Amino acid sequence: MSTHGGRATECPVSMPVGRTRLVDPPTETVRLLEEQPICRVRLLNGESGWLTTNYELGKAVLADRRFTAARIWGRQPVGELERWLAEGVAEEGKPPHLNEADPPFHTRRRRAIMSRLSFKRVQDTRDRVQAIIDDCLDALEQAGPPADFMEHFGTPVPGLVLSDLLGVPRQDREFFVDLTDRIRNPDSPAADLAGDLRTWDEYVEGLVEYKGRNLGDDLVSDMIRDESTTHAEVVKDTIGVLQAGHETTTSQFGYGLFTLLHDISRWDALKADPGSIDRVVEEMLRYNTIIEPNPTERTALEDAEIGGAMILAGETVIVSLLGANRDPSRFEAPDEFRPDRNDKGHMAFGGGIHLCAGQHVARLELTLGFTSLVRRFPDLRLAGDLEDIRWIRANAQTAGPLTLPVTWSHHTEEH
Ligand code: HEM
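Residues numbered from 1 in each chain as written. Predicted model: local features only at pLDDT ≥ 70, side-chain atom pairs only at ≥ 80, totals over all residues. Heavy atoms only, no water.

Visitor: Help me out: how do you make sense of the packing of aromatic side chains in this one?
Guide: The way to describe two aromatic rings as a pair is by their centre distance and the angle between their planes. Taken as a whole, this structure holds 12 aromatic pairs when the rule is applied. Considering the side-chain rings of Phe 149 and Phe 253, the 6.5 Å spacing of their centres and the 70 degrees angle between planes classify their relative orientation as edge-to-face. With Phe 149 in helix α7 (residues 149-154) and Phe 253 in helix α12 (residues 231-262), this pair connects stretches of sequence that are 104 residues apart. The pair Phe 149 / Phe 253 is uniform in exposure class, with both members buried. (Phe/Tyr/Trp six-rings, centres within 6.5 Å; stacked < 30°, edge-to-face > 60°. Helix = DSSP H or I, 4+ residues; strand = E, 2+ residues; numbered from the N terminus. Buried < 20%, exposed > 50% of the residue type's maximum accessible area, 1.4 Å probe, protein only.)

Visitor: I keep staring at the nonpolar core and nothing clicks. Help me out?
Guide: Generally speaking, a soluble globular protein has its nonpolar side chains buried in company with each other. Of all hydrophobic cores here, the largest spans 71 residues; its most connected members are Phe 149, Leu 257, Phe 370, Leu 373 and Leu 380. Counting residues per element, this core draws most heavily on α12, which supplies 11 residues. Contacts of Leu 380, omitting those with residues within four sequence positions, involve Leu 257, Leu 261, Ile 264, Trp 267, Leu 373, Val 406, Thr 407 and Trp 408. Among the nonpolar cores identified, the runner-up in size contains 18 residues, and Leu 57, Val 61, Val 317 and Phe 331 belong to it. (Core = buried A, V, L, I, M, F, W, Y, C linked by side-chain atoms within 4.5 Å. Contact = heavy atoms within 4.5 Å.)

Visitor: Is there a simple way to explain the pairing of strand β3 (residues 48-52) in this structure?
Guide: Side chains on a regular strand alternate between the two faces of the sheet. β3 sits mainly inside the fold: 4 of its 5 residues count as buried. Sheet analysis places strand β2 (residues 38-42) next to β3, joined by 5 bridges and oriented antiparallel. From the neighbouring strand, Arg 40 faces β3, where its bridge partner is Trp 50. Two successive antiparallel strands, β2 and β3, enclose a turn made up of 5 residues, where Gly 46 displays a positive phi of approximately 90 degrees. Relative to strand β9 (residues 316-319), β3 runs parallel, the two sharing 3 bridges. Within the sheet, the bridge partner assigned to Leu 51 lies in β9 and is Ile 318. (Pairing = 2+ DSSP bridges.)

Visitor: How should I be thinking about the sheet that holds strand β1 (residues 13-14) in this particular structure?
Guide: Backbone hydrogen bonds are what pair the strands of a sheet, in a parallel or an antiparallel way. An order of β1-β2-β3-β9-β6-β4 is seen for the 6 strands of this open sheet, with the pairing classed as mixed. Only two strands of the sheet have a single neighbouring strand rather than two, namely β1 and β4 (67-68). Each of β2, β3, β4, β6 (296-300) and β9 is contacted by helix α2 (residues 55-63), which is oriented at about 130 degrees to β9, the strand it contacts most. (Axes fitted to C-alpha atoms, helices over the stretch in contact; angles between N-to-C directions.)

Visitor: What am I meant to see in unusual backbone geometry here?
Guide: Pro 103 connects to Pro 104 through a cis peptide bond whose omega is 5 degrees. Here Pro 104 is to be found in the loop between α3 (78-87) and α4 (105-114). Here the amide bond leading from Pro 145 into Pro 146 is cis, since omega sits at -10 degrees, within 30 degrees of zero. Position of Pro 146 relative to the elements: it lies in the loop between α6 (126-143) and β5 (147-148). At Thr 289, a position not held by glycine, the phi torsion is positive, near 35 degrees. One can find Thr 289 in the loop between α14 (277-288) and β6.

Visitor: Explanation requested: α14 in the structure shown.
Guide: One turn of the α-helix equals 3.6 residues, which is why residues spaced by three or four share an orientation. With 12 residues, α14 extends 16 Å between its outermost C-alpha atoms, agreeing within 8% with the 16 Å of an ideal straight helix rising 1.5 Å per residue. Burial in α14 covers these residues: Ile 277, Val 280, Val 281, Glu 282, Glu 283, Met 284, Leu 285, Arg 286, Tyr 287 and Asn 288. The elements touched by buried residues of α14 are α12, α13 (264-272), α15 (321-325) and α16 (359-376). Positive backbone phi, at 35 degrees, marks Thr 289, one or two positions downstream of α14. (Expected span 1.5 Å × (residues − 1).)

Visitor: Just checking my understanding: could you explain the site of the ligand for this structure?
Guide: Every one of the 28 residues lining the ligand counts as a neighbour, but His 106, Arg 110, Arg 298, His 354 and Cys 356 are closest to it. Residue His 106 places a side-chain N or O atom 2.7 Å away from an oxygen atom belonging to the ligand. Arg 298 is positioned with one of its side-chain polar atoms (N or O) 2.8 Å from an oxygen atom of the ligand. Among the secondary structure elements, those contributing two or more residues to the shell around the ligand are α4, α8 (156-166), α12 and β6. For the shell around the ligand, the element with the most residues is α12, which contributes 6 residues. The class makeup of the residues in the shell around the ligand is 15 nonpolar, 10 polar and 3 charged. (Near = heavy atom within 4 Å. Polar contact = N/O pair within 3.5 Å; in protein donor to acceptor, adjacent residues only side chain to side chain. Nonpolar A, V, L, I, M, F, W, Y, C, P; charged D, E, K, R; others polar.)

This is the structure we're talking about:
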């Protein structure tokens, strides 16, 4: 990473910025947060943009209606932005993903999914989520010790919970979880990312058509019933929920378990006080901030001054959620894992109108998942050497382990 001069406009940082080794604290982001919380960066496509690394500026950009969520990197002719906003289409008449849509399109489409994703409705699915977790714990137990936590638990649990939420028929679920896992791990020898993404699109297209003829008690049926939503939007938002909900929760499970077992006093503390689980999960979300390799970004619709920097219309600002979550002016001793800080104000789920739509689902899976793990495998440990853990490549969608070998000497029957 190159060094920089003192002025905000001269910061020659290239994206992605963050952890150089995934197990280390994000030194470059932390340095920027201290020295230049808004600075110039070179975006992945070579264009020049901006990066915020502290809490206050990150929060401000995400809440600022002068910015669009459309993924338009670098300076754009303003006319193109206006056309996009007026029509609510991304390309070839297709709707953009929900997290790239602006009001009023975003408002209408988000409403169509939120009723099933409210805190109350998600709590109602508790028993079903617990049943999925118990089945996966059985599979983990049968596979080891030792066994790969990601293969038997971290990957299937979020995949199966989403399948249940969306209404994927039971016979398709294994195929479906395998496919989304391959997409998360495009470095695997068997991977054909373009082919897998095509298969995924075709599957979802077929699922939405099937649901149209067999409406049920699920999220895809909710969207179909909502007459304001077009067929193309239902397909796009089904894919969007899958993309937003599987890999993220899988990475959070993996990084979270690694964090607890790497310093075993954290695991022992949870075991001694299972009632602390909500605080442990919040701290895990803040501390790991798995979304960081693919950070949140917004593009200015008009010139906007942010933290003393003038962002010109059409310029993109990357918001580092990881930086925000490690900001010492917001979190005391931010590089320490401290569940007792009991603070839900972190930015792991983003902010503003695009705040994670599935946060209650993620929290339910993580709290039930870790509670069940610690109860069933009280002496769980990392197996093998730290070097044996394979991490997702640094510029992927999320940060987290691809494999996490764990071992145990006994387990409890009760679950
Ligand atoms: C620990 C797991 C998760 C993390 C860390 C996470 C993080 C995020 C973040 C940071 C955003 C905002 C992106 C932006 O502003 O550009 C977001 C949006 C979103 N998330 Fe999550 N997410 C998680 C799990 C889930 C789950 C389980 C679901 C579905 C059930 C989900 C569905 C969505 C959707 C649909 C959006 C777009 C919302 C919108 O644009 O209005 N996420 N998520």
